[in-house]
Amino acid sequence: MLRIFYPDMYVPSILDINPDELRKHGINTVLLDLDNTIVPRDRDSFSPEIKSWLKGMLERGFKLCIVSNNSTARVNKLARPLNIPCVVRAIKPMPGAFRRALGLLNTTAAETAVVGDQIFTDIWGGNRLGMFTVLVVPMPGKEFWGTKLVNRRLEKLLLARISRLVSHKDKQYYVRRKKG
Ligand SMILES: [Mg+2]
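Residues numbered from 1 in each chain as written. Predicted model: local features only at pLDDT ≥ 70, side-chain atom pairs only at ≥ 80, totals over all residues. Heavy atoms only, no water.

- Under an unreviewed UniProt entry, the name given to the protein chain is YqeG family HAD IIIA-type phosphatase, and the organism recorded is Desulfallas thermosapovorans DSM 6562.

### Describing helix 2 (residues 48-59)
Step number 1: Its 12 residues place the ends of helix 2 16 Å apart at the C-alpha level, agreeing with the 16 Å of an ideal helix rising 1.5 Å per residue.
Step number 2: Among the residues of helix 2, those classed as buried are Ile50, Trp53, Leu54 and Met57. Down the axis, helix 2 shows its buried residues gathered within 95° of arc, on one side only. Facing away from the buried side of helix 2, by more than 90 degrees, are the exposed residues Pro48 and Glu59. (Helix = DSSP H or I, 4+ residues; strand = E, 2+ residues; numbered from the N terminus. Expected span 1.5 Å × (residues − 1). Buried < 20%, exposed > 50% of the residue type's maximum accessible area, 1.4 Å probe, protein only. Arc of directions from axis to C-beta.)

### With respect to the packing of aromatic side chains
Step number 1: One pass over the structure, following the stated rule, counts 2 aromatic pairs.
Step number 2: Measuring from centroid to centroid gives 5.2 Å for Phe5 and Phe120, while their planes differ by 70°, and the two rings are edge-to-face. One end of the pair, Phe5, is in the segment before strand 1 (9-11); the other, Phe120, is in helix 5 (residues 119-128), and 115 residues separate them in sequence.
Step number 3: A relative accessible area of 13% means that Phe120 is categorised as buried.
Step number 4: Relative to Trp124, the ring of Phe5 lies with its centre 5.3 Å away and its plane at 65°, an arrangement referred to as edge-to-face. In this pair, Phe5 sits in the segment before strand 1 while Trp124 sits in helix 5, placing the two residues 119 residues apart along the sequence.
Step number 5: When the ring centre of Trp124 is taken as reference, the NZ or CZ atom of Arg128 above it lies at 5.5 Å. (Phe/Tyr/Trp six-rings, centres within 6.5 Å; stacked < 30°, edge-to-face > 60°. Lys NZ or Arg CZ within 6 Å of the ring centre and 35° of its normal.)

### Structural notes on the pairing of strand 3 (residues 63-67)
Step number 1: Burial runs high along strand 3: 4 of the 5 residues are buried.
Step number 2: The sheet contact formed by strand 2 (residues 29-32) and strand 3 spans 4 bridges and is parallel. Across the sheet, the residue bridging to Leu32 is Ile66, located in strand 3.
Step number 3: One crossover worth recording links strand 2 to the parallel strand 3 by way of helix 2, and it is right-handed. (Pairing = 2+ DSSP bridges. Right-handed = clockwise from strand over helix to strand, strands pointing away.)

### Remarks on the side chain of Thr107
Step number 1: Tracing the backbone through its elements, the reader meets Thr107 in the loop between helix 4 (95-105) and strand 5 (112-116).
Step number 2: A polar side-chain atom of Thr107 sits 3.1 Å from a polar atom in the side chain of Thr29.
Step number 3: Every residue in contact with Thr107, bar those within four places of it in the chain, is listed here: Asn28, Thr29, Lys63, Leu102 and Thr112. (Polar contact = N/O pair within 3.5 Å; in protein donor to acceptor, adjacent residues only side chain to side chain. Contact = heavy atoms within 4.5 Å.)

### Concerning the nonpolar core
Nonpolar side chains tend to gather and get buried jointly when the protein is soluble and globular.
Step number 1: With 32 residues, the main nonpolar core has Val30, Leu32, Phe46 and Leu54 as its most contacted residues.
Step number 2: Where this core is concerned, the elements lending two or more residues are strand 1, strand 2, helix 2, strand 3, helix 3 (72-79), strand 5 and strand 6 (132-136).
Step number 3: When residues in this core are grouped by element, the largest group, 4 residues, is from helix 2.
Step number 4: When residues no more than four places from it in sequence are discounted, the contact partners of Phe46 are Leu34, Ile38, Val39, Lys51, Leu54, Leu78 and Leu82.
Step number 5: Core analysis: the next-biggest nonpolar cluster, separate from the first, contains 14 residues, Cys65, Val67, Ala101 and Val114 among them. (Core = buried A, V, L, I, M, F, W, Y, C linked by side-chain atoms within 4.5 Å.)

### Here we look at the environment of Gly96
Step number 1: Take Gly96: it is sitting in helix 4.
Step number 2: With 29 residues separating them in the primary sequence, Gly96 and Gly125 have C-alpha atoms 9.7 Å apart.

### As for the side chain of Asn28
Step number 1: Mapped onto the elements of the fold, Asn28 is located in the loop between helix 1 (19-24) and strand 2.
Step number 2: At a separation of 2.7 Å, a polar atom in the side chain of Asn28 contacts the side chain of Thr29.
Step number 3: Separated by 2.8 Å, the side chains of Asn28 and Glu111 make a polar contact.

Set out below in structure tokens:
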């Protein structure tokens, strides 16, 4: 019953995601959460490391899209210089925004990974559509008060379970297959 909340992979940071591993899973598209996944919520520029990871992914032919519950202005300001499309005010885990992103990139759920720092928005939303899901440890920084109050508390309970399921393979951090 809880499996819908389990990611396929759990990594300390987005920088730990190996693009070749994603390819092995048939992934050519990555839908990225913004806040505390690729930029701290209280910053308005990407770190050089994140910038080069994003550019590296694009150069390797991955399609990227930022899917964020945050506002248009902030997301566009960050994504436009890198030429990454965005779907904003996403209301994750509702499937609408994810579907819009798939349409925008002309791709399917089966070849798409969702990467985010929250179980109850990013991971739940991605799993509902059958996408490959990657949970990252949140970047340090301010959080939306509602996130802190509700989601993070419940997440703590789930993270304890997920952490027990993680196995290391080729320096990636796989959660044991959640299906079957
Ligand atoms: Mg986030």
